[in-house]
Structure formats: structure tokens, C-alpha cells
Amino acid sequence: MNKHPHFNFDNSFARSLDGFFSYCDAETSTAPKLLQFNHALAEELGLDPVALDSEFGLAIFSGNEKAEGSETLAQAYAGHQFGGYSPQLGDGRALLLGEVIDTQQRRRDIQLKGSGRTPFSRGGDGKAAIGPVLREYLIGEAMHALGVPTTRALAAVATGADVYRETVLPGAILTRVASSHIRVGTFQYGAARGDVEKILKLADYTIERHYPDTAEADNPYLAFFAAVADAQAALVARWMNIGFIHGVMNTDNTTISGETIDYGPCAFMDNYARGTVFSSIDRGGRYAYANQPEILIWNLARLAETLIPLVDSKKERAVELLTETIECIQPLYESYWLTGMRSKIGLTTEESGDQQLINDLLKKMEEGHVDFTLFFRHFSQALRGDSEEVRQLFDKPADFDAWEHRWWMRYEQEGISAERTAQSMDEINPIYIPRNHKVEEALAAATDQEDIAPFKKLLEVLTHPFDEVEGNEAYAEPAPKTNIPYRTFCGT
Ligand code: AMP
Ligand code: MG
């Protein structure tokens, strides 16, 4: 496939979904500067990284110039935020530049985030500060490297203008890449507008784009719902397996594709604690770590409601069919989660006691204030004959011994060499995750000192989360213990 400096935009959303967007333009940036450009992702998109890591790219990623073929638009959506319904949200600070077909023939959205006001901005300024932009860049790329479906970052640009939050902050724009930006909230927007034609058009478009196989099913819209549920259950299981807390699992932040979207107040847990909440606005702990699977089902039930008229002409029958599918989500999630947890502790076969074994471990970890990431990483050392490192993670190391003994009894049934198991564990249990204090350090340097170097270094470390590198020890360590709990903010 030919690489081209220009984007070969093919804008199917604009062509197909009249009524779900408004055309509008980016605001211009006064003194833009390219902070970071993702060469590997540009390659994957079939773009020419060298041609784009340039003044030409800067003009596009700052919103100062419109690339050929780009039809910039803001998408409309509704959504439940913290359980309360908002009939009109929409891209208040984001602008779709267009869609490209990547080197693997996948359709991908390219979007600016922070490029100024749109018809959906309501009271907001449509802008983004450098901190949240770099945060989304870092955590999204870290998630990708960890093998979690996610939106990606193609570029981060400083605009040269100030944005006003609690303080005055340097402005920035993120160029975000997604397999689409269609959300549960997009369906809610269509359904709320009352006519079946509108939701039908959206469903048909989304099926063709994301789940074409479901078009062949006896009941395509029911099959579509089941496919979304499957993708989202797999996604949230991955979050739980790596200790990720999204923080704003509103229906407008729940993609139909099954990609993680919207890295606002998200963060990774240090010590395993089911009730962990980082977001300053999540006062009731609705989106706490252990609530995520349940919230997912709640969000999918909101999607199901929008599909009722498509699933069966008799409402009662439609509700019955959708409810049956909703009831399958919990066990489906559990099985994804269990598969993930089994491999984290080196098990490749399935035994009936595994779930109990894993739950007992987690209980011990919570009681012993054990770092979630380091436990699994150091556990492979136990297979190599040294349990000391993992034991020392517990407040009382001896508390681990009885569990370890049980684990060895179970592991004996595996019949794989310990070294091979240890190796495969190290390939899925990261040593480097975006540690909260490291992320904050990098964002503060960029915001307060215009020093992007700590961000670049952290990004490089997080891009290879499984490969231990000498000299990077500080990136593996949990934050020094303080009495002040870590808090994140939406950055809006
Ligand atoms: P979020 O919490 O990022 O999912 O955003 C929720 C809604 O608020 C979306 O409709 C956003 O487009 C909108 N929004 C967030 N920040 C801004 C901003 N600075 N200006 C305008 N709209 C915004
Ligand atoms: Mg959002």
C-alpha cells in the first residue's frame, strides 16, 4: 500500500448519518508547537510519518489547516452521567476530521480534541489544557501496549493560547484515533428523537462498520446487541485484570466498538482495594474499581432500551429477548475475567476450584495492602525458586505462605516447566504501568516548566510494559506512601 502525506479521507459517517452531527470548523491556534507525534500509529494508518512530523502536520493537528478531503464535524450524542440522563451532550470540544482506511483495511476515525467550540459546547470553551491532553496520550498508549482495546493518540500539539480553569493553563490539542466514536449515548440520542427511522439508520450503519456478521443473523439487532455486550464484557474484564479504573463510565463514554475511550479521571490502582476511587467528582464511588462490571451491565441495558423497536414489532417480545441477552452478560464477563486471572497466576488449564483460589488470593492481597501490579510480576520469581520478593509485598509476609502452598498443589496439575510458565507470566503481567506519581510528575513538568522530556521518557517506558530495563527501576515502584489519597480531575 502506498503511503501518502495526505489523508485519504473517506467520510462515511457524514455521508450516512445526517441528523447525528453538525458541520463546524476548528478554531485557529496562535503559536502551535508539536509536542509529540506517534510514528508507529501513523504507519499503521497508512500515513507518511515523516511528512506529518512537520510544519505540514502541525498545521493540521493544530486545527489551523484543513487537510484535503476532511469534512470537519462534531457528533451529537446523549448520555447518562452518574446515572442522570442528559438528552444532549455531543462533541463539545472535539471535531472529527474524517475517516481513513488503515493498512489492515480497518476504518479509523481521526479526531481533534480541544480544538474549540462546537454547536454542542453548551457553556464550555471547547478547549483542553496540556495536562489532560498528555495524560490521555500516555494512558491510551500504555493501554494499547498492555493489549487493551483503546482509542489511540496520533499527536499532541500545544496551541500557544491559555485556557482558563481553576488556574490559567497552557492549551493543547490531542489528535485521537478510534475505530469509531459511536457510543451508547449516540444510540440514546437517536432513540430520544422518537422516530424509529433514525435509530434504524444508526444501527444499520454501526452493524456494517463494526459487526457485519450480525447482519446475517435471524434477528440482526439482537445479535448486534449481543456482539456489543461481548466486546464490552471482554474490555471491562481486561481493565479488572490490570487494575484500571476508568472513573467516568457514563453511557456517553461507553463505545459500541468495545474500545476504552475518554481518559479523564482514570488511574491504575496501587494497592489492591476493591473500593478504590480516584476521581474527585465520583463522590458516591459509583465508578469504584469493583463496581465496573455492574456499571457496564447498567450501561448496556441503556443501549438495549434504544433497540426495543428494532428487535421485535411486539414490545413485550423485544424486551424479553433483550433481557435474556442482558442476563448473559454477568457470566460472560466472569468467564473473561477468570481466563485473564488464571493466566496471570500461570494456569493454562481449568479446574473448578480456580475461582475460589483467585478470590482467596485477592482477599489476602487486600488485607495485606499488596501492590496489584507488582504482585503478579514478582510471582513469576516464585516459580524460579524465590518467593521472597512477592512475600515482602504483604504487610505480614507469612500470610502469603498458606496460599502459595495451595497454589503449588494446583500448579502441579499443569505439567509445564516452571521456567516456561514464569516466562509466559512475564509476558502478560506488566512491570511498568502508568504509576500515578510518575504521570503527575511528567504532566507537571510539561505544564509548569515547559519541559516535555519526562513525558517522553515515561511514554517510552510505558510503550514496552513487559520488558524490564535496567535503569528504569523507579518507573516500576509504587508511589511513596502518604496519607493524602491520590485524586484525579476531569480536566474539562
Ligand atoms: P466528558 O466528561 O469528557 O465525557 O465530557 C462530557 C461532555 O462535556 C461532552 O459532551 C463533552 O464534549 C463536554 N465537554 C467537556 N469539556 C468541555 C469543554 N471544555 N468545552 C465544551 N464541552 C466540553
Ligand atoms: Mg466523554
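Above: the structure in question.
Residues numbered from 1 in each chain as written. Chains lettered and ligands numbered in written order. Predicted model: local features only at pLDDT ≥ 70, side-chain atom pairs only at ≥ 80, totals over all residues. Heavy atoms only, no water.

## What about the nonpolar core?
Across soluble globular proteins, you tend to see nonpolar side chains buried next to one another.
In step 1: Counting 150 residues, the largest nonpolar core has Phe 7, Phe 187, Ile 345, Met 365, Phe 375 and Phe 379 as the members making the most contacts within it.
In step 2: Considering every element that reaches this core, the biggest residue donor is helix H8 (residues 220–242), with 15 residues.
In step 3: Both domain 1 (12–181) and domain 2 (185–336) contribute no fewer than three residues apiece to this core.
In step 4: Apart from residues no more than four positions distant in its own chain, Phe 375 is found in contact with Leu 361, Met 365, Val 370, Val 390, Leu 393, Phe 394 and Phe 400. (Core = buried A, V, L, I, M, F, W, Y, C linked by side-chain atoms within 4.5 Å. Buried < 20%, exposed > 50% of the residue type's maximum accessible area, 1.4 Å probe, protein only. Helix = DSSP H or I, 4+ residues; strand = E, 2+ residues; numbered from the N terminus. Domains from an automatic or database assignment. Contact = heavy atoms within 4.5 Å.)

## Some thoughts on the site of ligand 1
In step 1: Around ligand 1 there are 18 residues in total, and Gly 90, Gly 92, Arg 93, Gly 126 and Asp 262 lie nearest to it.
In step 2: Here Asp 125 contributes a side-chain N or O atom positioned 3.0 Å from a nitrogen atom of ligand 1.
In step 3: In the model, a nitrogen atom of ligand 1 is placed 2.8 Å from a nitrogen or oxygen of the Gly 126 main chain.
In step 4: Summarising the interface, the protein chains cover 88% of the accessible area of ligand 1, which totals 490 Å² for the free molecule.
In step 5: In terms of residue class, the shell around ligand 1 is made up of 2 nonpolar, 8 polar and 8 charged.
In step 6: The residue makeup of the shell around ligand 1 includes at least three contributed by each of domain 1 (12–181) and domain 2 (185–336). (Near = heavy atom within 4 Å. Polar contact = N/O pair within 3.5 Å; in protein donor to acceptor, adjacent residues only side chain to side chain. Areas by Shrake-Rupley, 256 points an atom, 1.4 Å probe, with all protein chains shown as cover. Nonpolar A, V, L, I, M, F, W, Y, C, P; charged D, E, K, R; others polar.)

## Considerations on the coordination of the magnesium ion (ligand 2)
In step 1: Protein ligation of the magnesium ion (ligand 2) involves Asn 253 (OD1) and Asp 262 (OD), the donor distances falling in the range 1.9 to 2.2 Å.
In step 2: In this structure Asn 253 comes out as buried when scored by relative accessible area, which is 9%.
In step 3: On the basis of relative accessible area, Asp 262 is assigned to the buried category, the value being 15%. (Donors = N, O, S within 2.8 Å, 3.2 Å for Na, K, Ca; no water.)

## Details of the pattern of salt bridges
In step 1: Per the counting criterion, the structure on display carries 34 salt bridges.
In step 2: Of the charged contacts in the structure, one is a salt bridge between Glu 99 and Arg 209, with a shortest N-O distance of 3.7 Å. Of this pair, Glu 99 sits in strand S6 (residues 94–101) while Arg 209 sits in helix H7 (residues 196–210), placing them 110 residues apart in sequence. Across the pair, Arg 209 and Glu 99 agree in class, each one buried.
In step 3: Taking the shortest distance from any N to any O, the salt bridge between Arg 135 and Glu 440 comes out at 3.9 Å. Pair noted here: Arg 135 is in helix H5 (residues 130–145) and Glu 440 is in helix H17 (residues 436–449), with a separation of 305 residues, a long-range link.
In step 4: Taking relative accessible area as the criterion, Glu 440 reaches 32% and is therefore assigned partly exposed.
In step 5: Linked through salt bridges whose partners overlap, the residues forming this network are Asp 10, Arg 15, Glu 99, Arg 107, Asp 109 and Arg 209. (Salt bridge = Lys/Arg side-chain N within 4 Å of Asp/Glu carboxyl O.)

## Brief notes about the side chain of Arg 391
In step 1: In this structure, Arg 391 sits in helix H14 (residues 388–391).
In step 2: Under the relative-accessibility criterion, Arg 391 is labelled buried at 17%.
In step 3: Polar contacts involving the side chain of Arg 391 include one to the side chain of Asp 401, which spans 2.7 Å.
In step 4: Residue contacts for Arg 391: discarding those within four places in its chain leaves Pro 397, Ala 398, Phe 400 and Asp 401.

## Section: unusual backbone geometry
In step 1: Even without being glycine, Arg 122 reaches a positive phi, approximately 50 degrees.
In step 2: Looking at the secondary structure, you find Arg 122 in the loop between strand S7 (107–113) and strand S8 (128–129).
In step 3: On the basis of relative accessible area, Arg 122 is assigned to the exposed category, the value being 55%.
In step 4: Here the phi dihedral of Glu 450 falls at roughly 50 degrees; this positive angle occurs in a residue that is not glycine.
In step 5: Considering the arrangement of structural elements, one finds Glu 450 in the loop between H17 and helix H18 (453–462).
In step 6: Overall, Glu 450 belongs to the exposed group, its relative accessible area being 68%.

From the geometry alone we can't say anything about function, so treat these as descriptive.
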